[in-house]
Amino acid sequence: MRLCFLVEEHYRHDGMPLDVVRQLTAWGHRVDVLRPGDSLMAISEAVRAGSHDAWVLKTVSGGPGLTLLEAAASVGLTTVNDVRSIRGVRDKALAAVIARTRGLPVPVTYAAARWERLAEIPVAEYPLVVKPADGSSGRAVRLVPTPDHLAALGPQLAGEGLLIAQPYVPNSGTDLKVYCVDGEFYATERCSPLHPGQGVRERQVPLGADIARIAAQVGEVFGLDLYGVDVLLGPDGPVVVDINDFPSFRQVPDAVAKVARAVLRLARTGTAVSAPAPALLSEPAAQVADAARLPAPSGTAVGVGGFGAAGLVGEPDLVGGAGLVNGIVGGGI
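What follows is about the overall build of the protein. Looking only at helices and strands, the protein has nine helices and 15 strands in total. Put simply, the protein has 333 residues, and 52% of those count as buried. Approximately 14100 Å² of the protein is accessible, and the part contributed by carbon and sulfur atoms is 53%.

Written out as structure tokens, the structure reads:
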């Protein structure tokens with residue numbers, strides 16, 4: 001098979017997915033690695049050619065890789081994960097809306113394009129966790145204990161685009177990351193980025209039935225096949241605080257081979273183990289917005305955003321039976 005991996009510069013030396021690329025190559029498959037944002041390519045011609053069995057995305061949120069993946073999907077090419085599913089979880093405000101309306105345990109979520117508007121959140125909701133709606137890898141996640149702290153953080157929050165804020169879920173300082181690979185679930189605990197001094201050793205842990213059910217529901221709701229779910233064990237039970245398409249899969253036994261096999265299966269079938277991508281326009285806008293306390297003007301609907309600006313994208317690093325060419329070596333709240 002011939003596959004195309006879109007790998008952002010942030011992950012250029014990361015074992016996931018480049019070890020997966022090596023594994024697929026060792027199995028005799030042809031893999032092209034594109035680096036979005038690095039250099040110029042004729043995107044219209046590359047996508048139109050349709051010479052790949054599947055396109056796989058491993059990029060930061062907000063990067064040009066998702067545009068490339070959407071372009072491939074628009075001409076009927078297979079993508080891993082489904083591109084609508086990726087869009088649904090990468091926009092954290094949108095993900096909160098979808099998750100709460102479908103019964104997933106997600107905190108009440110506020111959204112504002114200007115950080116000053118977050119000051120209108122009731123004091124009773126503090127402490128807050130504030131982060132960019134398009135953030136990834138724990139970027140710019142902040143614990144805000146009081147309104148005074150919010151005011152002090154204002155200059156740092158400016159320019160982050162759409163922000164979301166959620167009431168802090170009291171917990172032990174340990175995050176539970178649940179990974180799904182081809183319908184199988186694995187749990188890892190790690191130190192929370194909000195409590196870096198806890199000194200928790202990252203390790204695989206047993207997966208309880210209640211957490212497994214929530215993780216499976218996430219896949220069904222968002223139509224994901226390869227994904228991760230960040231869960232906090234709060235005083236009222238498990239709470240989902242983030243969903244990631246194509247995460248690191250750290251501590252998953254034989255993760256590289258498992259992910260590689262999943263990619264091949266999806267490339268062959270063009271379908272996912274979980275349910276189809278979410279029907280994002282199926283709920284009345286006011287009802288959907290109310291679920292996450294996001295304002296929706298009368299007569300509008302909540303849906304997936306369109307194509308972003310691709311900017312400059314990378315020329316392919318060709319990976320074949322001889323290994324990696326061009327020197328490529330080798331994702332929180």
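In this section: the packing of helix α1 (residues 15-26) against helix α8 (residues 255-269). Relative orientation of the contacting elements α1 and α8 amounts to 70°, with a least axis distance of 9 Å. Relative to α8, the element α1 lies roughly perpendicular. α1 and α8 meet at a crossing whose hand is right-handed. Contact residues: α1 offers M16, D19, V20, Q23 and L24, while α8 offers A255, V256, A257, V259, A260 and L264. Within the contact of α1 with α8, the residues separate by chemical class into nine nonpolar, one polar and one charged.

In this section: the packing of helix α3 (residues 65-74) against helix α4 (residues 83-90). Running from N to C, α3 and α4 point in directions that differ by 150°, and their axes come no closer than 9 Å. Overall, the two elements α3 and α4 adopt an arrangement that is roughly antiparallel. Considering the relative orientation of α3 and α4, their crossing is left-handed. In contact with L66, L69, E70 and A73 of α3, α4 contributes V83, I86 and R87. The class makeup of the residues in the contact of α3 with α4 is five nonpolar, no polar and two charged.

How each quantity is defined
Residues numbered from 1 in each chain as written. Predicted model: local features only at pLDDT ≥ 70, side-chain atom pairs only at ≥ 80, totals over all residues. Heavy atoms only, no water. Helix = DSSP H or I, 4+ residues; strand = E, 2+ residues; numbered from the N terminus. Buried < 20%, exposed > 50% of the residue type's maximum accessible area, 1.4 Å probe, protein only. Areas by Shrake-Rupley, 256 points an atom, 1.4 Å probe, with all protein chains shown as cover. Axes fitted to C-alpha atoms, helices over the stretch in contact; angles between N-to-C directions. Parallel < 35°, antiparallel > 145°, perpendicular 65-115°, else oblique. Left-handed = near helix turned anticlockwise from the far one by under 90°. Contact = heavy atoms within 4.5 Å. Nonpolar A, V, L, I, M, F, W, Y, C, P; charged D, E, K, R; others polar.

All we've got here are geometric facts, nothing functional implied.
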